[in-house]
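Take a look at the letters that make up each chain.
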Amino acid sequence: MTRPKALITGASTGIGKAYAQKLARRGYDLVLVARDRARLEALAGELRQAGAESEVLVADLTQSADVARVERKLESDAVISFFLNNAGIATVEPQLKTSVETIEKIIALNVTAATRLMLAAGRAFVAEKRGTIVNMASAVAVNPERFNGVYGGSKAFMLALSQALTRELNANGVIIQTVLPGATRTEIWERAGTDVDAIILPERIMDLDEMVDAALKGLELGERITIPSLPDAQDLADAESARLKLAPNLSRNHAAARYR
Ligand SMILES: NC(=O)c1ccc[n+]([C@@H]2O[C@H](COP(=O)([O-])OP(=O)(O)OC[C@H]3O[C@@H](n4cnc5c(N)ncnc54)[C@H](OP(=O)(O)O)[C@@H]3O)[C@@H](O)[C@H]2O)c1
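All of these numbers come straight from a predicted model, not from anything done at the bench.

Another point: the overall build of the protein. From N to C terminus, the protein includes nine helices and seven strands. Out of the 260 residues belonging to the protein, those deemed buried represent 52%. Considering only intrachain contacts with a sequence separation of at least 6, the fraction spanning at least 24 residues in the protein is 69%. Carbon and sulfur atoms form 53% of the exposed surface of the protein, whose accessible area is close to 12000 Å².

The first and last C-alpha atoms of helix α2 (residues 37-49) sit 19 Å apart over 13 residues, in line with the 18 Å expected at 1.5 Å per residue. Where α2 is concerned, the buried positions are Leu 40, Leu 43, Ala 44 and Leu 47. All buried residues of α2 lie within an arc of 105° about the axis, which places them on one face of the element. Among the exposed residues of α2, those oriented more than 90 degrees off its buried face are Ala 38, Ala 42 and Gln 49. At the N-terminal boundary of α2, the capping side chain belongs to Asp 36, with an oxygen 3.2 Å from the backbone nitrogen of Ala 38. A positive phi of about 90° marks Gly 51, the residue just after α2.

In the neighbourhood of the ligand, 31 residues make up the surrounding shell, with Arg 35, Asn 86, Tyr 151, Thr 184 and Thr 186 lying closest. Contact distances for the ligand include 2.8 Å between an oxygen atom and a side-chain N or O atom of Ser 12. In this structure, Thr 186 approaches the ligand through a side-chain N or O atom, which is 2.5 Å from an oxygen atom. A per-element tally of the shell around the ligand places helix α6 (residues 188-191) first, with three residues. Broken down by class, the residue content of the shell around the ligand amounts to 14 nonpolar, 11 polar and six charged.

Moving on to the packing of helix α1 (residues 14-25) against helix α8 (residues 208-220). Where α1 contacts α8, the axes come no closer than 10 Å and their chain directions differ by 60°. The hand of the α1/α8 crossing is right-handed. Taking contact as the criterion, the partners of Gly 14, Ile 15, Ala 18, Tyr 19 and Lys 22 in α1 are, on α8, Leu 208, Asp 209, Met 211, Val 212, Asp 213, Ala 215 and Leu 216. Its residues assigned to classes, the contact of α1 with α8 comprises eight nonpolar, one polar and three charged.

Looking at the secondary structure, you find Ser 81 in strand β4 (residues 80-85). Here the alpha-carbon distance between Ser 81 and Glu 128, two residues 47 residues apart in the chain, equals 8.9 Å.

Now for the nonpolar core. Within the largest apolar cluster, 34 residues are counted, with the highest numbers of intra-cluster contacts made by Leu 61 and Ile 133. No other element matches the nine residues that helix α4 (residues 100-128) contributes to this core. When residues no more than four places from it in sequence are discounted, the contact partners of Leu 61 are Thr 9, Val 33, Asp 66, Val 67, Val 70, Ala 87, Ala 108, Leu 109, Ala 113 and Leu 117. Membership of the second largest hydrophobic core comes to 30 residues, among which are Tyr 19, Leu 43, Met 211 and Leu 219.

On to unusual backbone geometry, then. With a phi close to 55°, Lys 129 is a non-glycine residue in the positive phi region. Mapped onto the elements, Lys 129 comes out in the loop between α4 and β5 (132-136).

Thresholds, definitions, all that
- Residues numbered from 1 in each chain as written.
- Predicted model: local features only at pLDDT ≥ 70, side-chain atom pairs only at ≥ 80, totals over all residues.
- Heavy atoms only, no water.
- Helix = DSSP H or I, 4+ residues; strand = E, 2+ residues; numbered from the N terminus.
- Buried < 20%, exposed > 50% of the residue type's maximum accessible area, 1.4 Å probe, protein only.
- Contact = heavy atoms within 4.5 Å.
- Areas by Shrake-Rupley, 256 points an atom, 1.4 Å probe, with all protein chains shown as cover.
- Expected span 1.5 Å × (residues − 1).
- Arc of directions from axis to C-beta.
- Polar contact = N/O pair within 3.5 Å; in protein donor to acceptor, adjacent residues only side chain to side chain.
- Near = heavy atom within 4 Å.
- Nonpolar A, V, L, I, M, F, W, Y, C, P; charged D, E, K, R; others polar.
- Axes fitted to C-alpha atoms, helices over the stretch in contact; angles between N-to-C directions.
- Left-handed = near helix turned anticlockwise from the far one by under 90°.
- Core = buried A, V, L, I, M, F, W, Y, C linked by side-chain atoms within 4.5 Å.

So this is what it looks like as structure tokens:
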């Protein structure tokens, strides 16, 4: 029997790598996408031990030609049935002094590449009448006051695009979930030029494994939008009000159809 295959952007570390490890354990083969070949190959070796085959696709997703290669992969490999749209960068630059370079990079990666790849996966999966798209947005998509607005705006864009596509994808047998994590302990903070412990209270920082488990649980439950959250009253209240605001009218995905 053919094993299902998942394509993950931003697979070399952090959230993408954690999904790759967990999906490999659930029987998936992988296509691992990021810039760092050495890290991707090391991960592919590790996943082979768990019985999963991985293809390494080195791509800088701020570059249009590289995005096109990943689009072609999504649209030509009919075995791929799971797409984790995850590669992303953040910044903690002061709002009004956000540099042009940072604005352009965030929009190129978090908006343009994420959009192109989401649509490519959508076309491929709709043609097969099955598949799962998971978009890694952020809690700041619905709580933008808490972080740099260019980053928050990029995540709000992803959430809006996902919501707009939900009805059409669901009608064609495709599941789409958007995950809105709060602060999670990964390299993104250092890459953004800060130390997470210096700007977020320790009790509000999620453990990477727990965050991804919560997101996968949301997918199993058929949630269209998942807000992995610490058991903190304010976070839960925020999450609940966001759910109510965001999810009143659209039908929920069926848990029975998960991971197609
Ligand atoms: N950690 C959090 O607190 C948090 C909270 C909410 C949402 N998120 C979102 O979750 C996603 C993953 O974040 P993370 O925390 O796992 O970050 P991370 O540890 O910094 O990992 C980011 C991943 O994206 C890849 N990437 C970065 N620039 C790229 C480029 N130009 N082309 C291709 N790949 C690129 C990186 O690989 P290479 O460097 O090898 O290219 C890496 O695999 C992001 O979209 C982020 O916005 C994170």
